[in-house]
Amino acid sequence: MTRTGSTTGRAVAACATTAALLTGCGVQETGVVEAGGPATITVFPASDQRMLLFFLASDGRLTPVTRLSTTDVPPNAKQEWVGKTLAALFAGPSVNERAAGLHTGLPAKGAKMVFKSTSSTITIRLPLPVRPLAKTALRQLVCTAAYAEGGDGTAEVTIAGDDGTLPPTLC
């Protein structure tokens, strides 16, 4: 009898252990829990000759891209550096960037812009109406200009066009 009782006890213990493993130890199934957007990091160019441009990903999100400048611009020539960076933005994504799914919301003819900058503000005058531009296209322009001006993206950017001036914006 004792032998049967111990065999039964072992069988019950094995069943209990198996049941516990199969039920996940009491953890109940839940649906998807939203916890915010994906993690983000601040990206800074690694050298004085690296441009930070903002393009749009296939899902419409603003995406930073770094490029090495093909021409030397002295570090104290901010006006020239901002101009080169904005011209690169208006030229659009490179072949590799397009292959990665990046695109732009900005028209190509904006490359003939006029701008002025100080240490914390930038005014960009485009030869086109700016009010019809999508918000994401304007964000591309604002963030690219803000990072080109000071490196930290804190510059205030005002965009003007043939149809007036938009309010100053931060990246």
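A short tour of the structure in this document, coming up. What you are looking at is a predicted structure, and each value in this text was computed from that prediction instead of being measured.

### Here we look at the nonpolar core
Within soluble globular proteins, side chains that are nonpolar tend to cluster in buried spots.
Turning to step 1, where the next piece is worked out: Grouped together as the largest cluster of nonpolar side chains are 30 residues, with contacts concentrated most on Ile124, Leu126, Val130, Leu141, Val157 and Ile159.
Turning to step 2, where the next piece is worked out: Every element with two or more residues in this core is listed here: strand S1 (50-56), helix H2 (78-91), strand S4 (121-125), helix H4 (135-150) and strand S5 (156-161).
Turning to step 3, where the next piece is worked out: Element by element, the count of residues in this core is highest for H4, at seven residues.
Turning to step 4, where the next piece is worked out: Residues in contact with Val130, not counting those within four places in the same chain, are Leu138, Ile159, Ala160, Gly161, Asp163, Gly164 and Leu166.
Turning to step 5, where the next piece is worked out: Membership of the second largest hydrophobic core comes to six residues, among which are Phe54, Leu56, Cys143 and Tyr147.

### Structural notes on the side chain of Thr158
Turning to step 1, where the next piece is worked out: With respect to the helices, strands and loops of the structure, Thr158 is situated in strand S5.
Turning to step 2, where the next piece is worked out: Judged by relative accessible area, which is 15%, Thr158 ranks as buried.
Turning to step 3, where the next piece is worked out: Setting aside chain neighbours within four positions, we find Thr158 in contact with Ile122, Thr123, Ile124, Thr165, Leu166 and Pro168.

### Side note on H4
Turning to step 1, where the next piece is worked out: An ideal rise of 1.5 Å per residue puts 22 Å on 16 residues; H4 measures up with 23 Å between its terminal C-alpha atoms.
Turning to step 2, where the next piece is worked out: Buried within H4 we find Ala137, Leu138, Gln140, Leu141, Val142, Cys143, Thr144, Ala145, Ala146, Tyr147, Ala148 and Glu149.
Turning to step 3, where the next piece is worked out: Positive phi appears at Gly151, one or two residues downstream of H4, with a value of about 85 degrees.

### A word on the side chain of Thr85
Turning to step 1, where the next piece is worked out: Note that Thr85 resides in helix H2.
Turning to step 2, where the next piece is worked out: The exposure class of Thr85 is buried, given its relative accessible area of 1%.
Turning to step 3, where the next piece is worked out: The contact partners of Thr85, leaving out residues within four places of it in the chain, are Met51, Leu52, Leu53, Thr144 and Ala148.

### Quick word on the pattern of salt bridges
Turning to step 1, where the next piece is worked out: Counted by the stated rule, this structure contains three salt bridges.
Turning to step 2, where the next piece is worked out: Among the salt bridges present, the one from Arg61 reaches Asp59, with a minimum N-O distance of 3.4 Å.
Turning to step 3, where the next piece is worked out: Residue classification places Arg61 among the partly exposed positions, given a relative accessible area of 48%.
Turning to step 4, where the next piece is worked out: Among the salt bridges present, the one from Glu97 reaches Arg67, with a minimum N-O distance of 2.6 Å. Taken together, the positions of Glu97 in helix H3 (residues 95-99) and Arg67 in strand S2 (residues 62-68) put the pair 30 residues apart, joining distant regions of the chain. Here Glu97 matches Arg67 in class, with each residue buried.

Cut-offs used in this document
- Residues numbered from 1 in each chain as written.
- Predicted model: local features only at pLDDT ≥ 70, side-chain atom pairs only at ≥ 80, totals over all residues.
- Heavy atoms only, no water.
- Core = buried A, V, L, I, M, F, W, Y, C linked by side-chain atoms within 4.5 Å.
- Buried < 20%, exposed > 50% of the residue type's maximum accessible area, 1.4 Å probe, protein only.
- Helix = DSSP H or I, 4+ residues; strand = E, 2+ residues; numbered from the N terminus.
- Contact = heavy atoms within 4.5 Å.
- Expected span 1.5 Å × (residues − 1).
- Salt bridge = Lys/Arg side-chain N within 4 Å of Asp/Glu carboxyl O.

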